[in-house]
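Architecture and fold: a report
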Amino acid sequence: MAKTNYNLSFMLITRCSSVAELNELASEYIIKDLSSRPRSLFCTATGNSPTGIYQLLADKKDRIDPQGLSLIKLDEWYNLPMDHPASCEYYLQQYMIRPLGVSDGNYTGFNSLAKDTAAECKRINDFLTANGPIDICVLGIGLNGHIGFNEPADYLQPHAHLATLSDTSLNHTMIKSSGVEVKYGFTLGVADILQSKKIILPVFGKNKKEIMEQLFEAKISSQLPASVLGLHPDVTVFYCENDS
Ligand code: F6R
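Residues numbered from 1 in each chain as written. Predicted model: local features only at pLDDT ≥ 70, side-chain atom pairs only at ≥ 80, totals over all residues. Heavy atoms only, no water.

Counting secondary structure elements, the chain contains 8 helices and 10 strands. Its C-alpha atoms give the chain a radius of gyration of 17 Å, near enough to 18 Å, the size a compact globule of 244 residues would have. For the chain, the C-alpha atoms occupy an extent of roughly 50 × 45 × 40 Å along the three principal directions. Counting every position in the chain, which comprises 244 residues, the buried fraction comes to 53%. Intrachain contacts of the chain at a sequence separation of at least 6 include 81% that bridge at least 24 residues. Summing over all exposed atoms, the chain offers an accessible surface of approximately 11500 Å²; the carbon and sulfur share of this is 51%. In the chain, the 21 positive side-chain charges and the 27 negative ones have mean positions that sit 3 Å from each other. (Helix = DSSP H or I, 4+ residues; strand = E, 2+ residues; numbered from the N terminus. Rg over C-alpha atoms; globule rule 2.2 N^0.38 Å. Buried < 20%, exposed > 50% of the residue type's maximum accessible area, 1.4 Å probe, protein only. Contact = heavy atoms within 4.5 Å. Areas by Shrake-Rupley, 256 points an atom, 1.4 Å probe, with all protein chains shown as cover. Lys, Arg positive; Asp, Glu negative; His and termini not counted. Charge placed at Lys NZ, Arg CZ, Asp CG, Glu CD.)

Here you go:
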């Protein structure tokens, strides 16, 4: 009887001496991966961690075929208008969609103003069932260990859902000064993330040192959602302890 096990080896860690080096290595890693197949589904986090990488991808866009690239947005603040400068949508339009020339038909993401939130999650789940799994997923880690809006909890949710945001998320610089009251966020779930063929986690800065030390203890726990990445066979962490 065949047995299938998850690979419990822990993640590959590339330690970088500067954020510039991190951005360069991660952007080359992504371009190499995108170039290895004619079409890729690329899942993109927003926030500070991947911004420099996305800027380099835009600089190197001649090496990326926009026809072969589909983007899926990892998460979104619920109730924040899509055109609000603090939205994940605005960020991705600014750093990825416009610079790389991704067409509307090649982009999927949660609608922050969806009235029927269950239907909105089903739409994204159906999209992944039809078009997934994700080929390459860029994440960031929150100060509390969240990935996407999968927050520390007694249990984690596998698929797209509306999450109640932690104080850490609500204090994120993206949303704190937005002037809009936000309580929830749409996010892909941990199974959606773990089904990605490759995952990269760029992390930098002194404020991430504590959570990274916890992550490197390799204790897989729903209270530290990023620790589930240890179940995945192809995760690369690009880590710089410095702020620059
Ligand atoms: C944002 C997202 C979040 C961030 C995390 C780290 O789309 O998914 O989980 O990745 O909060 O944010 P930064 O990179 O700003 O420290």
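There is more to say after this.
Okay, the sheet that holds strand β8 (residues 184-187) next. If you walk across this open sheet you meet the 3 strands as β4-β8-β7, and the pairing is antiparallel. This sheet does not close on itself; its edge strands, each paired only once, are β4 (75-77) and β7 (161-164). Sheet twist, expressed as the average angle between the axes of neighbouring strands with direction ignored, equals 30°. The pairing of β4 with β8 spans 3 bridges and is antiparallel. When the sheet's bridge partners are listed, Trp77 is paired in β8 with Gly185. (Pairing = 2+ DSSP bridges. Axes fitted to C-alpha atoms, helices over the stretch in contact; angles between N-to-C directions.)

Further remarks concern the packing of aromatic side chains. Applying the stated criterion to the full structure yields 7 aromatic pairs. Consider the rings of Trp77 and Phe149, whose centres lie 4.8 Å apart with planes at 50°: the pair is tilted. Residue Trp77 is located in strand β4, and its partner Phe149 is located in the loop between β6 (136-138) and β7; the two are separated by 72 residues in the primary sequence. The exposure class of Trp77 is buried, given its relative accessible area of 2%. Among the residues examined, Phe149 registers a relative accessible area of 5% and is labelled buried. Summarising the aromatic geometry, the rings of Tyr91 and Tyr95 are spaced 4.7 Å apart at their centres and angled 55° between planes, so their arrangement reads as tilted. Here Tyr91 pairs with Tyr95, and both are found in helix α3 (residues 88-100), just 4 residues apart, close to one helical turn. In this structure Tyr91 comes out as buried when scored by relative accessible area, which is 8%. These aromatic residues form a ring-pair network of at least three members: Tyr54, Tyr91 and Tyr95. (Phe/Tyr/Trp six-rings, centres within 6.5 Å; stacked < 30°, edge-to-face > 60°.)

Another aspect to go through is the site of the ligand. Taken together, 14 residues form the shell around the ligand, and within it Ser49, Asp75, His146, His172 and Lys208 come nearest. At a separation of 2.5 Å, an oxygen atom of the ligand approaches a polar side-chain atom of Ser49. His146 places a side-chain nitrogen or oxygen 2.7 Å from an oxygen atom of the ligand. Isolated, the ligand exposes 400 Å² of accessible area, and the fraction of that covered by the protein chains is 94%. Its atoms largely coinciding with the cavity grid, the ligand occupies the largest pocket. When the residues that make up the shell around the ligand are grouped by side-chain class, the tally is 3 nonpolar, 9 polar and 2 charged. (Near = heavy atom within 4 Å. Polar contact = N/O pair within 3.5 Å; in protein donor to acceptor, adjacent residues only side chain to side chain. 1 Å grid on protein atoms, 1.4 Å probe; cavity = no way out; pocket = protein on both sides within 12 Å on 5 of 7 lines; lining within 4 Å. Sits in = over half its atoms within 2 Å of the grid points. Nonpolar A, V, L, I, M, F, W, Y, C, P; charged D, E, K, R; others polar.)

So, about α3. The axis of α3 is deflected most strongly, by about 40°, at Gln94. Those residues of α3 that fall on the buried side of the exposure criterion are Cys88, Glu89, Tyr91, Leu92, Tyr95, Met96, Ile97 and Leu100. Positive phi appears at Gly101, one or two residues downstream of α3, with a value of about 70°. (Bend = angle between axes of the 7 residues up to and from the residue.)

Here we come to the pairing of strand β10 (residues 235-240). Burial within β10 is extensive, with 6 of its 6 residues counted as buried. Of the two faces of β10, the one carrying Val235, Val237 and Tyr239 and the one carrying Thr236, Phe238 and Cys240 are both buried. By the bridge criterion, 4 bridges tie strand β1 (residues 12-15) to β10 in an arrangement that is parallel. Across the sheet, residue Thr14 finds its bridge partner in β10, namely Phe238. Strand direction decides the pairing type here: strand β9 (residues 198-204) and β10, joined by 6 bridges, are parallel.

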